[in-house]
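Structural description and commentary
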Amino acid sequence: MQIKTKDKIVQNVLRKMDQRSLIGQKKYGATMMQEIKGQKKDLNRFIVDVQEELMDAILYLESARYCLQDEIEEAMLNRINVIGQNGNDGLHYIDVNDEEVL
């Protein structure tokens with residue numbers, strides 16, 4: 001199969017899906033189609049798999065929120081330190097483009 005899209009995002013996702021498929025085939029010893037045709041998995045099992053994956057995704061999102069919050073707090077502390085070092089009580093400072101920021 002030749003991928004025709006020129007969209008780099010789609011191409012990257014398709015490459016990742018291909019790699020994930022290869023990992024799954026090695027881990028489980030079959031393709032998803034082989035699991036269906038060999039009746040190793042039925043519709044119910046696929047639904048359970050999706051539920052488990054979505055629950056994992058929610059945990060990953062919550063973890064990412066904590067990481068993001070930590071990064072935001074660190075950036076704010078750094079900004080407060082820069083303002084404090086300028087000795088201007090935070091009324092204004094010069095940003096990287098030499099433009100006054102209020």
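The structure we're discussing is the one just above.
Predicted model, so just to flag it, every value in this text is computed and none were measured. (Residues numbered from 1 in each chain as written. Predicted model: local features only at pLDDT ≥ 70, side-chain atom pairs only at ≥ 80, totals over all residues. Heavy atoms only, no water.)

**Details of the layout of surface pockets**
Put simply, the rule reads: Here a cavity is any set of points on a 1 Å grid over the protein atoms alone where a 1.4 Å probe fits but cannot get out, and a pocket is any open set with protein on both sides within 12 Å along at least 5 of 7 lines; a residue lines the site when it has an atom within 4 Å of a point. Grid points are joined across faces, edges and corners, and a volume is the space filled by probe spheres set on the points. Secondary structure elements follow DSSP: runs of H or I no shorter than four residues count as helices, runs of E no shorter than two count as strands, and numbering proceeds from the N terminus. Under the scheme applied here, ten amino acids are nonpolar (Ala, Val, Leu, Ile, Met, Phe, Trp, Tyr, Cys and Pro), four are charged (Asp, Glu, Lys and Arg), and all others, including Gly, are polar.
Computed from the structure, the largest pocket encloses a volume of approximately 760 Å³. Around the largest pocket sit 19 residues that line it, and Arg 20, Gly 24, Tyr 28, Met 32 and Glu 53 are the ones nearest its centre. Listed by contribution, the elements that provide at least two residues to the lining of the largest pocket are helix H1 (8–28), helix H2 (32–37) and helix H3 (43–86). Top element by residues in the lining of the largest pocket is H1. It accounts for eight residues. In terms of residue class, the lining of the largest pocket is made up of seven nonpolar, four polar and eight charged.

**Thoughts on unusual backbone geometry**
Its identity as a non-glycine residue notwithstanding, Gln 39 has a phi of 60 degrees, on the positive side. Locating Gln 39 in the fold gives a position in the loop between H2 and H3.

**Details of the pattern of salt bridges**
We count it as follows: Whenever a carboxyl oxygen of Asp or Glu lies within 4 Å of a side-chain nitrogen of Lys or Arg, that contact is scored as a salt bridge. Type-normalised accessible area, obtained with a 1.4 Å probe on protein chains alone, sets the label of each residue: buried when under 20%, exposed when over 50%, and partly exposed for intermediate values.
All told, the structure shown has five salt bridges when counted by the stated rule. The salt bridge involving Glu 62 is made with Arg 65; its shortest N-O contact spans 3.1 Å. Of the two residues, Glu 62 and Arg 65 are both situated in helix H3; the distance of three residues between them amounts to about one turn of the helix. With a relative accessible area of 33%, Glu 62 lands in the partly exposed category. Ionic contacts of the salt-bridge type, sharing partners, join the residues Glu 35, Lys 41, Arg 45, Asp 49 and Glu 52 into one network.

**Some points on the environment of Arg 45**
Basically, it comes down to this: Polar contacts here mean pairs of N or O atoms no more than 3.5 Å apart (in protein, one a potential hydrogen donor and the other a potential acceptor; neighbouring residues in sequence count only if both atoms are side-chain atoms).
By secondary structure assignment, the location of Arg 45 is in helix H3. Separated by 3.4 Å, the side chains of Arg 45 and Glu 52 make a polar contact.

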